Amino acid sequence: MSERPPISPRSPRAALEPEQVPPPPKRSDRARNPFVIVGNAIFTILIILMIGAGATYYYGKQTLESPGPLQEDKVVNIPARAGKRDIADVLSREGVINVNPWVFIGSVFALKASSDLKPGEYSFQKNASLRDVIATIVDGKVVQHAITIPEGLTSEQIVTRLTDNDIFTGSVREIPREGTLLPETYKFPRGTTRDQVIQRLQQAQKRVLAEIWERRNTDSPLKSPDQLVTLASIVEKETGRADERSRVAAVFVNRLRQRMKLQSDPTIIYGLVGGKGTLGRPIKRSEITQPSPYNTYVIDGLPPGPIANPGRASLEATANPARTRDLFFVADGTGGHAFTETYDQHAKNVAKLRASEKQIQNDTVEPADDPAPAAAAPGAADTNPTAATPPKPTNQKKPLRSGRQGAAQQTTSPPVVQR
């Protein structure tokens, strides 16, 4: 049997004390090296950063690519000089995005679009993601509003239309010269200044006029582009039918060749009201012979300038009129005109039109309860809607005009009132 070591007696206090544990082994000098310590710290930090970057990338990708809250396409206006926080607030208020403004700002920085956000009116698609929203604003493809300028308006009337349209800003410094604006359909973004609109209309007119003038009939008596615009404005006001423009232009060109007065009603009106465009009442017989630089019943040849802004079609028709010998035209009662070479033929067409109008009037007007007076008082108004029929005889000492024998007789012209 092996012998156990003798048990040495211990005092109660000594027995309660823990036995001595041997000290831990000393760290090696390599583990205590500061470079190792720094390296371990850097490695740990890199691992943490990689994990954080991965989580951030995943969250950011989800935030950028997830469908947005828009339930339908929507147009939103980003005001000028708006900062990134302002843009985020606008988009949140309009329901385009549903993220925190700081998330939007962070996404803008992440997409390197901080300096590329542009103000304007944008159309955002249904469920547009945050990436799509930012891309739309960066691209600057703002909403374009179609604005139609009808043919035959005066420059003053066009300026009034632009002033009444709240898409545009600013004011027009001065009314453009008559005939220098091209009626057409244009597209402008919201916030375009009205002066910029006028400049674009003028540039379009110059370009189109130059093209048409190059293709004009060289036999025309018109000697300059300005004369072309002047006559085209008369053609524009005389007919709105595309199939008649070149023939109406031919009538006036033939009259110019034969040194006949143009005798166009719209020139009387322009001489009376200028850029306002409409008289608001019938032409009076006394106004037919009233001197005016624009009254082609009084002056020879063309008026001093256009009476409206003609469209491309009227410019084309005037530059290349139909090859006819017509000198007269009158409304035919169907919305068009009857063209003739001689006054006798013209008078027959006028009589035919008057008979047709009288028949329509008899069919539509109910007889009055009281009998009509036997004779109209001198100076009473001529209620016939055209001016080609001679006025009724009166007891005036001076004989009245035997009726208008001008080129332009149409039902769309205001009726003439005897005074």
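The model shown is predicted, which means the values in this text are computed figures rather than measured ones.

A.B. asks: Now, about the pattern of salt bridges: what can you tell me, with residues and values included?
C.D. replies: Across all of its chains, the model carries 13 salt bridges by this definition. The partner of lysine 74 in a salt bridge is glutamate 94, with the nearest N and O atoms 3.0 Å apart. Here the residue lysine 74 occupies a position in strand β1 (residues 74-78), and glutamate 94 occupies one in the loop between α3 (84-93) and α4 (101-110), the gap between them amounting to 20 residues. Where aspartate 89 meets arginine 85, a salt bridge forms, and the shortest distance between an N and an O atom there is 3.4 Å. Taken together, the positions of aspartate 89 and arginine 85, both in helix α3 and 4 residues apart, correspond to about one turn of that helix. In this structure aspartate 89 comes out as partly exposed when scored by relative accessible area, which is 29%.

A.B. asks: Residue-level account of the side chain of glutamine 263, with values.
C.D. replies: With respect to the helices and strands, the residue glutamine 263 is situated in the loop between α9 (245-257) and α10 (265-273). Of the polar contacts made by the side chain of glutamine 263, one reaches the side chain of arginine 255; its length is 3.3 Å.

A.B. asks: Before we move on, can you summarise α3 with the specific residues and values?
C.D. replies: Listed as buried for α3 are Ile87, Ala88, Val90 and Leu91. Taken down its axis, α3 places every buried residue within 165° of arc, on the same side. Against β1, α4, β2 (120-124) and α5 (130-139) lie the buried residues of α3. Just downstream of α3 lies glycine 95, where phi reads positive at about 80°.

A.B. asks: Any details on the packing of helix α7 (residues 194-214) against helix α12 (residues 312-319)? Residues and values, ideally.
C.D. replies: Helix packing geometry: the angle between the two helix axes and the distance between the axes. At a minimum axis distance of 9 Å, the contact between α7 and α12 shows a crossing angle of 25°. Looking at the two axes, α7 sits roughly parallel to α12. The crossing of α7 and α12 is right-handed. Seen from α7, the contacting residues are Val208, Leu209, Glu211 and Ile212; seen from α12, they are Arg312, Leu315, Glu316 and Ala319. Residue composition of the contact of α7 with α12, grouped by class: 5 nonpolar, no polar and 3 charged.

Parameters and conventions
- Residues numbered from 1 in each chain as written.
- Predicted model: local features only at pLDDT ≥ 70, side-chain atom pairs only at ≥ 80, totals over all residues.
- Heavy atoms only, no water.
- Salt bridge = Lys/Arg side-chain N within 4 Å of Asp/Glu carboxyl O.
- Helix = DSSP H or I, 4+ residues; strand = E, 2+ residues; numbered from the N terminus.
- Buried < 20%, exposed > 50% of the residue type's maximum accessible area, 1.4 Å probe, protein only.
- Polar contact = N/O pair within 3.5 Å; in protein donor to acceptor, adjacent residues only side chain to side chain.
- Arc of directions from axis to C-beta.
- Contact = heavy atoms within 4.5 Å.
- Axes fitted to C-alpha atoms, helices over the stretch in contact; angles between N-to-C directions.
- Parallel < 35°, antiparallel > 145°, perpendicular 65-115°, else oblique.
- Left-handed = near helix turned anticlockwise from the far one by under 90°.
- Nonpolar A, V, L, I, M, F, W, Y, C, P; charged D, E, K, R; others polar.

Purely geometric stuff here, so don't read any function into it on its own.
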